Amino acid sequence: MPLGAHMSIAGGVDKAVLRGQSVACETIQFFTKSNQQWRAKPLEADEVARFQTVRAASGIDPVFAHAAYLINLATPDDDAWEKSLESLIVELERCAILKLPFIVLHPGAHGGSGEEAGLSRVTRALDECFNRTSDTEVMVLLEITAGQGSSVGGTFEHLAGIMDHSLHPERLGICFDTCHAFAAGYDLRTPEGYNETIESLDRLIGLEKLKVVHLNDAKGDLGGHLDRHTHIGLGKLGLEAFRLLLNDPRLQHLPMVLETPKGPDLQEDVMNLSTLRSLIRER
Ligand code: ZN
Ligand code: MN
Ligand code: MN
């Protein structure tokens, strides 16, 4: 399985690839624009060309995107919903320009309107986004959330519901985040708990829909709904959970990226990647 990390695009999207290469990533994820702002200046042709050259030379594959945290497709507020949807369309177009296969998305928060209402807003927004980007095949990967506050997407049932009602299920997939899943109540620390989780994902959604794994240890407890990531082996999940996942033959083909805290020299990525690689058993 390709292992890697989320990388900053400061200085240009090509820089994310170079950063990944500098710490021996085999796959990377990045934001195609600032994740804290709605607006983005269009990608320039020379930046795109530089990105494609650097990516091809690096051998890093796949390279994929994460959507801005501001986007909330579950919101009951019409203006915020409209803005979120338009923003996701722009991000899908940026992925198409960069030839990225998919973009990871947090389904959103219902803000008091209720889970059912929130989930149906997400489905309708995605239908609209896919209708309006029908010239590309870029997929949206719904990420399991920690179920914090009024967030939807903290159960496989939620994610399955969005996909089942979608007019374009072929453009939807799943991203499994170890910290979020654990915080949402899925116990990955024992072989029994881990297998039950993966089997339930397969039963409710289908393992073929799982496209990406986020590897993060968790600061909070099982079922505590706390979305706080920490270094591999140093949180409440512990090394055994990652050993189970990294040696699971059902997941061998999947790109897996870290989203753990780090400074500009990326030494924490080096440390976490080396921890992960040490857990993989010789086959
Ligand atoms: Zn995410
Ligand atoms: Mn994540
Ligand atoms: Mn998170």
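This structure is a prediction, so every number in the text was calculated from the model and none was measured. (Residues numbered from 1 in each chain as written. Chains lettered and ligands numbered in written order. Predicted model: local features only at pLDDT ≥ 70, side-chain atom pairs only at ≥ 80, totals over all residues. Heavy atoms only, no water.)

## Some remarks on the coordination of the zinc ion (ligand 1)
At step 1: Distances from the zinc ion (ligand 1) to its protein donors, His66 (NE2), His106 (NE2) and Glu143 (OE), fall at 2.0 to 2.1 Å.
At step 2: Here the donor residues of the zinc ion (ligand 1) share one chain and are spaced in sequence as H-x39-H-x36-E.
At step 3: Between the zinc ion (ligand 1) and the manganese ion (ligand 2), a spacing of 3.3 Å is present, and a bridge between the two is formed by glutamate 143. Residue histidine 66 is found in strand E3 (residues 63–66), and its partner histidine 106 is found in the loop between strand E4 (102–105) and helix H4 (115–131); the two are separated by 40 residues along the sequence.
At step 4: Looking at histidine 66, the relative accessible area reads 1%, which means it is buried. (Donors = N, O, S within 2.8 Å, 3.2 Å for Na, K, Ca; no water. Helix = DSSP H or I, 4+ residues; strand = E, 2+ residues; numbered from the N terminus. Buried < 20%, exposed > 50% of the residue type's maximum accessible area, 1.4 Å probe, protein only.)

## Looking at the sheet that holds strand E10 (residues 256–258)
At step 1: Strand order in the closed barrel made by the eight strands is E1-E2-E3-E4-E5-E6-E7-E10, with parallel pairing throughout. Sheet twist, expressed as the average angle between the axes of neighbouring strands with direction ignored, equals 30°.
At step 2: In the sheet, strand E1 (residues 3–6) pairs with strand E2 (residues 27–30) via three bridges, with the strands oriented parallel. Residue alanine 5 lies in a different strand from E2, and its bridge partner there is isoleucine 28. (Pairing = 2+ DSSP bridges. Axes fitted to C-alpha atoms, helices over the stretch in contact; angles between N-to-C directions.)

## Observations regarding the environment of arginine 277
At step 1: Position of arginine 277 relative to the elements: it lies in helix H9 (residues 267–279).
At step 2: Counting along the chain gives 34 residues from arginine 277 to arginine 243, while the straight-line C-alpha distance between them is 9.6 Å.
At step 3: Once residues within four sequence positions are removed from consideration, arginine 277 is found in contact with Leu3, Ala24 and Glu26.
At step 4: At a separation of 3.0 Å, a polar atom in the side chain of arginine 277 contacts the main-chain carbonyl oxygen of alanine 24. (Contact = heavy atoms within 4.5 Å. Polar contact = N/O pair within 3.5 Å; in protein donor to acceptor, adjacent residues only side chain to side chain.)

## Here we look at the coordination of the manganese ion (ligand 2)
Each angle at a metal carrying four tetrahedral donors should ideally be 109.5 degrees, and each at a metal carrying six octahedral donors should ideally be 90 or 180 degrees.
At step 1: Distances from the manganese ion (ligand 2) to its protein donors, namely Glu143 (OE), Asp177 (OD), His214 (ND1) and Glu259 (OE), fall within the range 2.1 to 2.2 Å.
At step 2: Here the donor residues of the manganese ion (ligand 2) are spaced in sequence according to E-x33-D-x36-H-x44-E.
At step 3: Residue classification places aspartate 177 among the buried positions, given a relative accessible area of 0%.
At step 4: A relative accessible area of 0% places histidine 214 in the buried class.

## Some details on the state of the cysteines
At step 1: Inspection of the entire model under this criterion finds zero disulfides.
At step 2: Free cysteine cysteine 25: the closest other cysteine sulfur is in cysteine 175, separated by 16 Å.
At step 3: The thiol of cysteine 95 is not disulfide-bonded; the next cysteine sulfur, from cysteine 129, is found 12 Å away.
At step 4: A relative accessible area of 0% means that cysteine 95 is categorised as buried. (Disulfide = S-S within 2.5 Å.)

## Let's talk about H9
At step 1: Taking 1.5 Å as the rise per residue, H9 with 13 residues should run 18 Å; its terminal C-alpha atoms sit 19 Å apart, in good agreement.
At step 2: Buried within H9 are the following residues: Asp269, Asn272, Leu273, Thr275, Leu276 and Leu279. Seen along its axis, H9 keeps its buried residues to an arc of 155°; they face one direction.
At step 3: Buried positions along H9 lie against E1, strand E7 (210–215), helix H8 (239–246) and E10. (Expected span 1.5 Å × (residues − 1). Arc of directions from axis to C-beta.)

## Description of the side chain of threonine 260
At step 1: Turning to its location among the elements, threonine 260 is positioned in the loop between E10 and H9.
At step 2: Judged by its relative accessible area of 7%, threonine 260 is buried.
At step 3: Within polar-contact distance, the side chain of threonine 260 engages the side chain of asparagine 272 at 3.3 Å.
At step 4: When near neighbours in sequence (up to four residues on either side) are disregarded, threonine 260 contacts Leu215, Asn216, Thr230, His231, Asp269 and Asn272.

## Looking at the packing of aromatic side chains
At step 1: Across all of its chains, the model carries five aromatic pairs by this definition.
At step 2: Aromatic side chains phenylalanine 31 and tyrosine 69 sit 5.5 Å apart centroid to centroid with 80° between the ring planes, which places their arrangement in the edge-to-face category. Of this pair, phenylalanine 31 sits in the loop between E2 and helix H2 (45–58) while tyrosine 69 sits in the loop between E3 and helix H3 (78–98), and the two are 38 residues apart along the sequence.
At step 3: When its relative accessible area of 46% is taken as the criterion, tyrosine 69 is described as partly exposed.
At step 4: Their ring planes at 35° and their centres at 6.3 Å tell us that phenylalanine 156 and phenylalanine 176 sit as a pair that is tilted. In this pair, phenylalanine 156 sits in helix H5 (residues 156–165) while phenylalanine 176 sits in strand E6 (residues 172–177), placing the two residues 20 residues apart along the sequence. Of the two residues, phenylalanine 156 and phenylalanine 176, neither departs from the other in class, the shared state being buried.
At step 5: Ring-pair connections join several aromatic residues into one group, and the members of that group are Phe156, Phe176 and Tyr186.
At step 6: Between the NZ or CZ atom of arginine 121 and the centre of the ring of tryptophan 81, over which it lies, the distance is 4.9 Å. (Phe/Tyr/Trp six-rings, centres within 6.5 Å; stacked < 30°, edge-to-face > 60°. Lys NZ or Arg CZ within 6 Å of the ring centre and 35° of its normal.)

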